[in-house]
Amino acid sequence: MAEQTPEGVSARDAEDQDGQDQHGQQETSNQGQRTQHEAEPSAEAEEKPTLAIYSDPGRTSMHVRRLLEGRTPWGEDHEITHQQLLLPLRSDGTLDLDEVIRWAEEDGSEITIVVTEIPRLQAGLTKSVELDFDSQLAVISMASLGPVAVMHSLRREADRAVEALAHRSLEEARAKGGHGVRLEEGREGQRAYITPKHSLPGRVWMTLGMVANNEPLLSLPRLSGVFAAACATGAFGIFYDSIWDMAISLPGWRLAVISCAGVIFLVLWLISRNRLWDRPSAVGGKRLALMYNTSTVISLLVSVLSLYALLYLGVLVISLVLIEPGYMAESLQVEAAFSNYRDIAWLAASLGTFAGAIGSNFDADSDLRNLTQGTRERQRYPRDEEQQ
């Protein structure tokens, strides 16, 4: 399959890019990018049905590109166009599929696949795929695919969606199977949903998928102000022997309590200052609010704990280099040992996490508010007077 990338983008794409710039919305690298995948033309080639794929920018589009770069059962049978666009929401928090259908009509698409990071529920069950045979449209939720084996799951669901829509057959959707999933029919067989057989494991899996969408490890540069303040405070612990004396005199359980308190304090500070806590009325109910807020807390814990680990290792290495064992023994009246350096780094890093809350004031608000699922989704809502 050959890949061609036109020099320009459509007017719709340009409008979406301008909107992102004006409102300071989430990072949308390659926003509006349009990529066409099709087989090499031949004189006898028949005209192939068109397949349009619209995906959210970032991690979602990265996985879609990887999917299209590999071999798929339907790749050679369709002329495929992929666009990266921030998919809009209606005022009630649901995907604006009418707008997507309008895009597909403008692009002359016969089958439309939407891949979004937004978590979707159907009657309390997580919804990994929605099939609409009337509109020849399928919606795949990346969150429902979980945190691991995402490419395998995405390939399975994309194969299921394309084959089912191409044949207008629920049997094609059932044939793809999948562990622990079932097919729910709706609206006289013209709409179908792929949901887990059990609701609780499905919601837990989706919550972990939301954490993966947040990319907490890749978000560390957005917390540069937090890390800078924590490093400055940690360095203070290296050069003042009063911190040394306190560190070696504290038992391990007290040091652990201080560490936990510092991490929890910083997480709560980031949530409070950047208004990352989602209310049930804002996200569509208590169940969704629980999932959104749980994913926020887990994502921030992963980010803060990663920063803490980097800070601890940095302080430990620097203290081993700068603090001469003889000077430590003379100052503290104890024999210098590695455990002393370990405890000094432990306390200094813990104190640094408290100072990190001050450093968060210097991080860009737009960066911090893009750390979580709920705050990114708020950027998709229509801009009416109440939301200005």
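Below, the structure is looked at part by part. Everything numeric in this text was worked out from a predicted model, so none of it was measured.

Looking at the overall build of the protein chain
So, point 1. Along the backbone of the protein chain there are 15 helices and eleven strands.
So, point 2. Split into buried and exposed, the 388 residues of the protein chain put 49% on the buried side.
So, point 3. Look at the contacts in the protein chain between residues 6 or more apart in sequence, and 75% of them connect residues 24 or more apart.
So, point 4. For the protein chain, the computed accessible surface area is about 18,600 Å², with 55% contributed by carbon and sulfur atoms.

Describing the packing of helix α9 (residues 252–273) against helix α11 (residues 286–322)
So, point 1. At their nearest, the axes of α9 and α11 sit 10 Å apart, and the two run at 130 degrees to each other. As summarised for this structure, α9 and α11 are arranged oblique, according to the angle between their axes. The two elements α9 and α11 cross, and the hand of that crossing is right-handed. Between α9 and α11, the residues in contact are Ser-259, Val-263, Leu-266, Val-267, Leu-270 and Ile-271 and Thr-296, Val-297, Leu-300, Leu-301, Val-304, Leu-305 and Tyr-308, respectively.
So, point 2. Of the residues belonging to the contact of α9 with α11, the class tally is eleven nonpolar, two polar and no charged.

Regarding the side chain of Thr-296
So, point 1. Following the sequence through the fold, Thr-296 ends up in helix α11.
So, point 2. Setting aside its immediate chain neighbours within four residues, Thr-296 contacts Ile-271, Leu-276 and Thr-372.

A word on the pairing of strand β3 (residues 50–55)
So, point 1. Judged by how many residues are buried, β3 sits mostly within the fold: six of six residues are covered.
So, point 2. Residues Thr-50, Ala-52 and Tyr-54 point to one face of β3 and Leu-51, Ile-53 and Ser-55 to the other, with burial holding for every one of them.
So, point 3. Examined bridge by bridge, β3 and strand β4 (residues 79–84) share six bridges and lie parallel to one another. Within the sheet, the bridge partner assigned to Thr-50 lies in β4 and is Glu-79.

Topic: the pattern of salt bridges
So, point 1. Scanning all chains against the criterion turns up eleven salt bridges.
So, point 2. For Arg-191, the salt bridge identified is with Glu-130, shortest N-O distance 2.1 Å. You can see Arg-191 sitting in strand β11 (residues 191–196) and its partner Glu-130 sitting in strand β8 (residues 129–132), a full 61 residues away along the chain. A single burial state applies to Arg-191 and to Glu-130, both of which are buried.

Here we look at the packing of α9 against helix α13 (residues 338–359)
Helix-helix packing is characterised by the crossing angle of the two axes and by the distance between the axes.
So, point 1. Their axes nearest at 8 Å, the elements α9 and α13 cross at an angle of 20 degrees. Here α13 runs roughly parallel to α9, going by the angle between their axes. Between α9 and α13 lies a crossing of left-handed hand. Between α9 and α13, the residues in contact are Gly-252, Leu-255, Ala-256, Ile-258, Ser-259, Ala-261, Gly-262, Val-263, Phe-265, Leu-266 and Trp-269 and Asp-343, Trp-346, Leu-347, Ser-350, Thr-353, Phe-354, Gly-356 and Ala-357, respectively.

Overview of a nonpolar patch on the surface
So, point 1. The grouping of Phe-236, Phe-239, Tyr-240, Val-317, Ile-318, Val-321 and Leu-322 at the surface amounts to a nonpolar patch, some 720 Å² of accessible area in total.
So, point 2. Listing elements by their share of the nonpolar patch, those giving two or more residues are α7 (224–239) and α11.
So, point 3. Take the nonpolar patch: its biggest share by element is four residues, from α11.
So, point 4. By the secondary structure assignment, Leu-322 is in helix α11.

The rules behind these values
Residues numbered from 1 in each chain as written. Predicted model: local features only at pLDDT ≥ 70, side-chain atom pairs only at ≥ 80, totals over all residues. Heavy atoms only, no water. Helix = DSSP H or I, 4+ residues; strand = E, 2+ residues; numbered from the N terminus. Buried < 20%, exposed > 50% of the residue type's maximum accessible area, 1.4 Å probe, protein only. Contact = heavy atoms within 4.5 Å. Areas by Shrake-Rupley, 256 points an atom, 1.4 Å probe, with all protein chains shown as cover. Axes fitted to C-alpha atoms, helices over the stretch in contact; angles between N-to-C directions. Parallel < 35°, antiparallel > 145°, perpendicular 65-115°, else oblique. Left-handed = near helix turned anticlockwise from the far one by under 90°. Nonpolar A, V, L, I, M, F, W, Y, C, P; charged D, E, K, R; others polar. Pairing = 2+ DSSP bridges. Salt bridge = Lys/Arg side-chain N within 4 Å of Asp/Glu carboxyl O. Patch = residues over 30% accessible without salt bridge, like charges linked within 9 Å, V, L, I, M, F, W, Y side chains within 5 Å.

Functional significance is not addressed by these values, which are geometric in nature.
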